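Listed below, chain by chain, are the residues.
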Amino acid sequence: MDIQTSVVAHDPGSLVIGVDVGGTKIAAGVVDALGQVYGRVQFSTDTSRPEATLRTVAHAVRSAIQAAGVSPAHIRGVGLGIPGKVDVENGVSVFAVNLGWRDVPIKRQLEADLAVPCRVENDVNAAALGEYLYGVGRGTANLVYLILGTGIAARVMISGQLYRGTNGLAGEIGHAIFVADGPPCRCGAQGCLEALAAGPALARSARDAVASGSPSSLQEVLNRGSELTAEHVCQAASQGDGLAMRIITEAGEHIAHAIYLLSLSFDPQVVVLGGGLAQVEILMDAVQARVARKAEQSPIFRDIYHAQLVRLTGLKQDAGILGAAALVASPETI
Ligand SMILES: [Zn+2]
């Protein structure tokens, strides 16, 4: 397919730009109504000052337009997904720890620079909207998005609208205590889902078990003087390491329990799993098997459960760009 030709065939104002602003990289792309991404670009994040980061964002937007071979007249708006707390109405980053931001008026500064409407949203909220508009959640009115990575959080779409809750904390199930007096969590509590099943928790469980003498191929990683990561644990589990498999199975059980609770709370058509851990096949198999088992055990959940209830994101490397693009492509969902 001649990509350039297919983009130019769009009407003026029919395309949007999604920008995924992270602590290490800024990725941008031009997105059409079907969720096709053109002109992907990526730059390192300059976090020295907010103005420097925003300059990189503006540069990424212009570069994506150029790389896609479209004119600025094609662009209806720019959506930005950023970490941390966002004042969506005013387009202000209230705080973003990874970026070192506090009260940064992103919308005002970028609109002055780019002369195109900009919308800003928390990156996990944006990812949920991306699944709803472009991903496996397309065409579903009620959707739960569960991100599984260095942190765990859910986002809920009800009747095609993002549900935020009274304090903007709807879906923070990663900080629900699943095990009393369990491992410490970065939120200050103990035994949160995130402290049991997110990436750093898998690494910590493995380190503790190996340190206390459990036999495992992961000992080699520590012998090399390397930092033991969640990737090591997932890889060892997929190669049949007993300890790593036990850690993955336990994490799978906790994640399945979260899906079960979210499903009973919101009765969604689909629960979409995203984030780095959603790419780990052995963990996702464990999650699917345990969710199916809960349907056997729980008569009410059986009425909600179906074989396609829990689905993995299909957006993968474009998830951040598409989530941000959804902010301007479908503003009525926010
Ligand atoms: Zn917590």
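This one's a predicted model, so the numbers in the text were calculated from it and none came from an experiment.

Describing the packing of aromatic side chains
Any aromatic ring pair is given by two values, namely how distant the centres are and how the planes are angled relative to each other. What the rule picks out here adds up to 2 aromatic pairs. A ring pair is formed by tyrosine 260 and phenylalanine 301, whose centres lie 5.3 Å apart and whose planes are at 85°; its orientation type is edge-to-face. Residue tyrosine 260 is found in helix H9 (residues 242-266), and its partner phenylalanine 301 is found in helix H11 (residues 299-304); the two are separated by 41 residues along the sequence. Note on phenylalanine 301 and tyrosine 305: the rings are 5.8 Å apart at their centroids and 55° apart in plane angle, and the pair reads as tilted. For tyrosine 305, a relative accessible area of 22% gives the class partly exposed. Linked through ring pairs, Tyr260, Phe301 and Tyr305 together constitute an aromatic cluster.

Notes on unusual backbone geometry
Positioned with a positive phi, alanine 115 is a non-glycine residue whose angle comes to about 55°. Within the secondary structure, alanine 115 is located in the loop between helix H3 (106-114) and strand S8 (118-122). Phi is positive for aspartate 181, close to 60°, though the residue is something other than glycine. Position of aspartate 181 among the secondary structure elements: in the loop between strand S11 (161-163) and helix H5 (193-197). By relative accessible area, aspartate 181 is classed as exposed at 67%.

Examining the coordination of the zinc ion
Looking at the zinc ion, the protein donor atoms are His175 (ND1), Cys185 (SG), Cys187 (SG) and Cys192 (SG), and they sit 2.1 to 2.4 Å from it. Residue class for histidine 175 comes out partly exposed when judged on its relative accessible area of 27%. Cysteine 185 sits in the buried class, given a relative accessible area of 12%.

With respect to the domain arrangement of the protein chain
One can read the domain layout of the protein chain as domain 1 (3-131 + 318-333) and domain 2 (141-313). Centre-to-centre separation of domain 1 and domain 2, based on C-alpha positions: 29 Å. Taken residue by residue, the interface counts 11 residues in domain 1 and 11 residues in domain 2. Around 980 Å² of area is buried between domain 1 and domain 2 when both sides are counted, 58% of it from carbon and sulfur atoms. Where domain 1 touches domain 2, the interface holds 1 salt bridge. Salt-bridge contacts for glutamate 121 lead to arginine 164; the nearest nitrogen and oxygen are separated by 2.7 Å. Inspection of the region where domain 1 meets domain 2 yields 3 residue pairs in polar contact (both at pLDDT 80 or more).

Focus on the environment of alanine 112
By secondary structure assignment, the location of alanine 112 is in helix H3. In the structure, alanine 112 is positioned 18 residues away from valine 94 in sequence and 20 Å away in space, judged by C-alpha atoms.

Focus: helix H4 (residues 123-133)
Judged by how many residues are buried, H4 sits mostly within the fold: 9 of 11 residues are covered. Turning to H4, its buried residues number three or more, namely Val124, Asn125, Ala126, Ala127, Ala128, Leu129, Gly130, Glu131 and Tyr132. Sitting at the head of H4, asparagine 122 places a side-chain oxygen 2.9 Å from the backbone nitrogen of valine 124.

Brief notes about the pattern of salt bridges
In this structure the tally under the stated criterion is 12 salt bridges. In this structure, arginine 290 and glutamate 253 form a salt bridge, with 3.6 Å as the shortest nitrogen-oxygen distance. Here arginine 290 is found in helix H10 (residues 281-297), whereas its partner glutamate 253 is found in helix H9, with 37 residues between them in sequence. Here glutamate 253 falls in the partly exposed class, since its relative accessible area comes to 33%. For lysine 294, the salt bridge is made with glutamate 253, and the minimal N-O distance between the two is 3.2 Å.

So, the packing of H4 against helix H12 (residues 319-329)
Across the interface, H4 lies against H12 with an axial gap of 7 Å and an inter-helix angle of 75°. On the basis of the axis angle, H4 is roughly perpendicular to H12. In this structure, H4 uses Ala126, Ala127, Leu129, Gly130 and Leu133 to contact H12, whose residues at the interface are Leu322, Gly323, Ala324, Ala326, Leu327 and Ala329. In the contact of H4 with H12, the residues fall into 9 nonpolar, 2 polar and no charged.

Observations concerning a nonpolar patch on the surface
Together, Ile158, Tyr163 and Phe266 line one region of the surface with nonpolar side chains, adding up to about 240 Å² of accessible area. In this fold, isoleucine 158 is placed in strand S10 (residues 152-158). Residue class for isoleucine 158 comes out partly exposed when judged on its relative accessible area of 34%.

Points about the pairing of strand S3 (residues 37-44)
Every other side chain in a regular strand lies on the same face of the sheet, so the side chains alternate between the two faces. The sheet contact formed by strand S2 (residues 25-31) and S3 spans 6 bridges and is antiparallel. Bridge assignment links isoleucine 26 to a residue of S3, and that residue is phenylalanine 43. A loop of 5 residues connects S2 with S3, the two strands running antiparallel in sequence, and glycine 35 in this loop sits at a positive phi of about 85°.

Quick word on the sheet that holds strand S7 (residues 101-104)
Read from one edge to the other, the open sheet built from 3 strands follows the order S5-S6-S7, with strand pairing classed as antiparallel. In the strand order of this sheet, the two ends are held by strand S5 (85-87) and S7, each with one partner. When strand polarity is set aside, the average angle formed by the axes of neighbouring strands in this sheet is 15°. The pairing of S5 with strand S6 (residues 92-96) spans 3 bridges and is classified as antiparallel.

Definitions and cut-offs
Residues numbered from 1 in each chain as written. Predicted model: local features only at pLDDT ≥ 70, side-chain atom pairs only at ≥ 80, totals over all residues. Heavy atoms only, no water. Phe/Tyr/Trp six-rings, centres within 6.5 Å; stacked < 30°, edge-to-face > 60°. Helix = DSSP H or I, 4+ residues; strand = E, 2+ residues; numbered from the N terminus. Buried < 20%, exposed > 50% of the residue type's maximum accessible area, 1.4 Å probe, protein only. Donors = N, O, S within 2.8 Å, 3.2 Å for Na, K, Ca; no water. Domains from an automatic or database assignment. Contact = heavy atoms within 4.5 Å. Buried area = accessible area lost by both parts, 1.4 Å probe. Salt bridge = Lys/Arg side-chain N within 4 Å of Asp/Glu carboxyl O. Polar contact = N/O pair within 3.5 Å; in protein donor to acceptor, adjacent residues only side chain to side chain. Axes fitted to C-alpha atoms, helices over the stretch in contact; angles between N-to-C directions. Parallel < 35°, antiparallel > 145°, perpendicular 65-115°, else oblique. Nonpolar A, V, L, I, M, F, W, Y, C, P; charged D, E, K, R; others polar. Patch = residues over 30% accessible without salt bridge, like charges linked within 9 Å, V, L, I, M, F, W, Y side chains within 5 Å. Areas by Shrake-Rupley, 256 points an atom, 1.4 Å probe, with all protein chains shown as cover. Pairing = 2+ DSSP bridges.

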